[in-house]
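Notes for the structure review
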Amino acid sequence: VNGANSGNGDFNQARGMGFDSSGNVYVADLWNDRVQKFNSSGDYVTKWTVDYPEYLMIDSDLIYVASPEPQFDD
């Protein structure tokens, strides 16, 4: 679910996504300040707190997350 949801497996502005060598899926959940991990069947596994995660990349078993400071209009 994408929207103002914060439950495990829900998103509030899903952004970057990547896959590891085992087929797990990682999704940057921008406005919930986290990266969520799902197994290859799409089941929720765990999450990590990251401020404003927008993009991510996976190299071997390392996950790189780009967390730019958000820009707000006055």
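Up top you'll find the structure we're talking about.
A brief structural summary. Note that this is a predicted model, so its numbers are computed, not measured.

Counting its secondary structure elements, the chain contains 0 helices and 6 strands. Going residue by residue from the N terminus, the α and β elements of the chain occur as β-β-β-β-β-β. Contacts in the chain between residues far apart in sequence, at least 24 positions, make up 27% of those at least 6 positions apart. Counting only carbon and sulfur atoms, one obtains 45% of the accessible surface of the chain, whose full area is about 4,800 Å².

What follows covers the pattern of salt bridges. Side chains carrying opposite charge are able to pair once their charged atoms draw close together. A complete count under the given rule lists 2 salt bridges for this structure. The salt bridge involving R15 is made with E54; its shortest N-O contact spans 2.5 Å. Of the two residues, R15 is situated in strand β1 (residues 14-19) and E54 in the loop between β4 (44-49) and β5 (55-59); the sequence distance between them amounts to 39 residues.

Right, let's get into the sheet that holds strand β2 (residues 25-29). Read across the sheet, 4 strands follow the order β1-β2-β3-β4 without closing on themselves; strand pairing throughout is antiparallel. With partners counted over all chains shown, the strands left at the sheet margins are β1 and β4, one partner each. If you compare each strand with its neighbour and ignore which way they point, the axes differ by 20 degrees on average. Both β1 and β2 contribute to a ladder of 4 bridges, which runs antiparallel. Across the sheet, A14 pairs through a bridge with D29, a residue of β2.

You can call E54 buried: its relative accessible area is 16%. At 3.4 Å, the side chain of E54 and the side chain of Y55 are in polar contact.

Glancing now at a nonpolar patch on the surface. On the surface, a nonpolar cluster with roughly 230 Å² of combined accessible area is contributed by W48, I63 and V65. Residue placement: W48 occurs in strand β4.

Basis of the calculations
Residues numbered from 1 in each chain as written. Predicted model: local features only at pLDDT ≥ 70, side-chain atom pairs only at ≥ 80, totals over all residues. Heavy atoms only, no water. Helix = DSSP H or I, 4+ residues; strand = E, 2+ residues; numbered from the N terminus. Contact = heavy atoms within 4.5 Å. Areas by Shrake-Rupley, 256 points an atom, 1.4 Å probe, with all protein chains shown as cover. Salt bridge = Lys/Arg side-chain N within 4 Å of Asp/Glu carboxyl O. Pairing = 2+ DSSP bridges. Axes fitted to C-alpha atoms, helices over the stretch in contact; angles between N-to-C directions. Buried < 20%, exposed > 50% of the residue type's maximum accessible area, 1.4 Å probe, protein only. Polar contact = N/O pair within 3.5 Å; in protein donor to acceptor, adjacent residues only side chain to side chain. Patch = residues over 30% accessible without salt bridge, like charges linked within 9 Å, V, L, I, M, F, W, Y side chains within 5 Å.

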